[in-house]
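Structural description and commentary
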Amino acid sequence: MSSKTNPQRLNVLGLGRDQLFSLIADFETQPKKVSMRVNQLWSWIYCHGISSFDNMTNIDKNLREKLEKVFRISRLSIEKKEVSNDGTTKYLFCLEDQSKIETVFIPEETRSTLCISSQVGCTLSCSFCHTGTQKLVRNLSSQEIIGQVIAVYDDLGLWEKMKNERCQSSYFDIITNIVFMGMGEPLLNYEEVKKACNILMDNKGLDFSRRRITLSTAGIVPKIKMAHEEIGCMIAVSLHATEDKTRDMLVPINKKWNLEQLIGALKNDVKLRNSERVTFEYVMLDGVNDTNDDAHRLVKLLKGLPSKVNLIPFNSWTGSQYKRSNKDRIKAFRDIIIKSRLPSPIRKPRGEDIMAACGQLKSSSAKEKASI
């Protein structure tokens, strides 16, 4: 029996251990057996990439048949796949309600990153971001968040490659990092993102370390401390301006939680461990936020906070009012930051030819109103 039939069955892909335990308890009465079955399911799903209960050979056949009748292990449907000239791959996924989301795989020499979405659309309306022009439809479930990761594992054949990871000589063949920098604001879908992160970090499954997962936020101040303490992943902040007037225009959520509140929360509530830094994303916009004065204000703003500033050349999209700062301006801006001893790499645009670069993601969706 195929797990892709009868979609009314509950999809267990992306459910947490506690949820699986409650479900399996209906089939096994002894807690020890329930725990054992959960461990078996977890291993098959997240270590071996199995999508059918029929193939779980260490589980009793009668139980497998019962599970198959009630549950499924469904992947997201890849509607479109585009590969950039630089090797970046963009996936358009179609969800069960026909909503669409995008996910990007970015291979590099020293690491390979999967950029995943947390919402269909976005409610923040950042003026430089293509996703911000798409209305928020709804939050993604943990199944849909994890589903992106599993679908890419399937497509890239990573289950087999994981078995031979020690023999790999190239990072182009594996996923080393997960970043919540796709469509949506992850901290506005906090509980589902938290569930997904716990699955990603489970050392009996996908086994990503907390330092290999980054949550990118535009500045949802009340959730920053929660995310740091309860999830523990790395935090990246979409800053993009050094004073409130400009940031109000670029990142409208700043009108609710301004720069003073945002930086104050990071300094007071995020207790960094040894060698950790808060990453700031700063898109370079010609004549908007790229002056030497902006750079000096940025240094002053981040004083006392262990930081790293990623400078992102603006990635254009049709209808945008902004232009990318030229290379000399970006370099001069970076030099000022580096003199303050803050790391400040200039991010190389990836996947521009397929609209997969930072700030370019957008998908069409039949729905227009949020249902969260």
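Residues numbered from 1 in each chain as written. Predicted model: local features only at pLDDT ≥ 70, side-chain atom pairs only at ≥ 80, totals over all residues. Heavy atoms only, no water.

Side note on the packing of helix α7 (residues 221-231) against helix α9 (residues 259-269)
Taken N-terminus to C-terminus, the directions of α7 and α9 make an angle of 20°; their axes are 9 Å apart at the nearest point. Relative to α9, the element α7 lies roughly parallel. Crossing of α7 over α9 shows right-handed handedness. On α9, the residues that touch Val221, Ile224, Lys225 and His228 of α7 are Gln261, Leu262, Ala265, Leu266 and Asp269. (Axes fitted to C-alpha atoms, helices over the stretch in contact; angles between N-to-C directions. Helix = DSSP H or I, 4+ residues; strand = E, 2+ residues; numbered from the N terminus. Parallel < 35°, antiparallel > 145°, perpendicular 65-115°, else oblique. Left-handed = near helix turned anticlockwise from the far one by under 90°. Contact = heavy atoms within 4.5 Å.)

Some words on the confidence of the model for the protein chain
Low-pLDDT stretches of the model should not have their predicted coordinates read in fine detail. Averaged over every residue, the pLDDT of the protein chain is 89; the share at 70 or more is 89%. No element of the protein chain has a lower mean pLDDT than helix α5 (residues 158-163), which averages 81, and none a higher one than helix α6 (residues 190-201), which averages 98. Across residues 366-372 the pLDDT falls below 50, and counting only partners more than four positions away or on other chains, this stretch makes 13 contacts in the model. (pLDDT = per-residue confidence, 0-100.)

Here's the deal with unusual backbone geometry
Positive phi, close to 75°, is recorded for glutamine 98, a residue that is not glycine. One can find glutamine 98 in the loop between β4 (89-94) and β5 (100-107). Taking relative accessible area as the criterion, glutamine 98 reaches 47% and is therefore assigned partly exposed. For serine 125, which is not a glycine, the phi torsion comes out positive at approximately 55°. (Buried < 20%, exposed > 50% of the residue type's maximum accessible area, 1.4 Å probe, protein only.)

Observations regarding the nonpolar core
Within the largest apolar cluster, 103 residues are counted, with the highest numbers of intra-cluster contacts made by Phe128, Ile178, Phe180 and Leu266. Each residue touching leucine 266, except ones within four places of it in the same chain, is listed here: Ile224, Val237, Val278, Phe280 and Leu305. (Core = buried A, V, L, I, M, F, W, Y, C linked by side-chain atoms within 4.5 Å.)

A few points about the packing of helix α4 (residues 142-156) against α6
At a minimum axis distance of 8 Å, the contact between α4 and α6 shows a crossing angle of 40°. As judged from the angle between their axes, α4 and α6 are oblique. In terms of crossing hand, the pair formed by α4 and α6 is right-handed. For the pair α4 and α6, the contacting residues are Ser142, Ile145, Ile146 and Val149 in the first and Glu192, Val193, Lys195, Ala196, Ile199 and Leu200 in the second. Residue classes in the contact of α4 with α6 are distributed as seven nonpolar, one polar and two charged. (Nonpolar A, V, L, I, M, F, W, Y, C, P; charged D, E, K, R; others polar.)

What to know about the packing of aromatic side chains
All chains considered together, the criterion is met by six aromatic pairs. Summarising the aromatic geometry, the rings of tyrosine 91 and phenylalanine 93 are spaced 5.8 Å apart at their centres and angled 10° between planes, so their arrangement reads as stacked. Across the pair, exposure class does not vary: tyrosine 91 and phenylalanine 93 are buried alike. Note on tyrosine 153 and tryptophan 159: the rings are 4.9 Å apart at their centroids and 45° apart in plane angle, and the pair reads as tilted. When sorted by exposure, tyrosine 153 lands in the same class as tryptophan 159, which is buried. Its guanidinium or amino end placed over the ring of tryptophan 42, arginine 17 lies 4.5 Å from that ring's centre, counting from NZ or CZ. (Phe/Tyr/Trp six-rings, centres within 6.5 Å; stacked < 30°, edge-to-face > 60°. Lys NZ or Arg CZ within 6 Å of the ring centre and 35° of its normal.)

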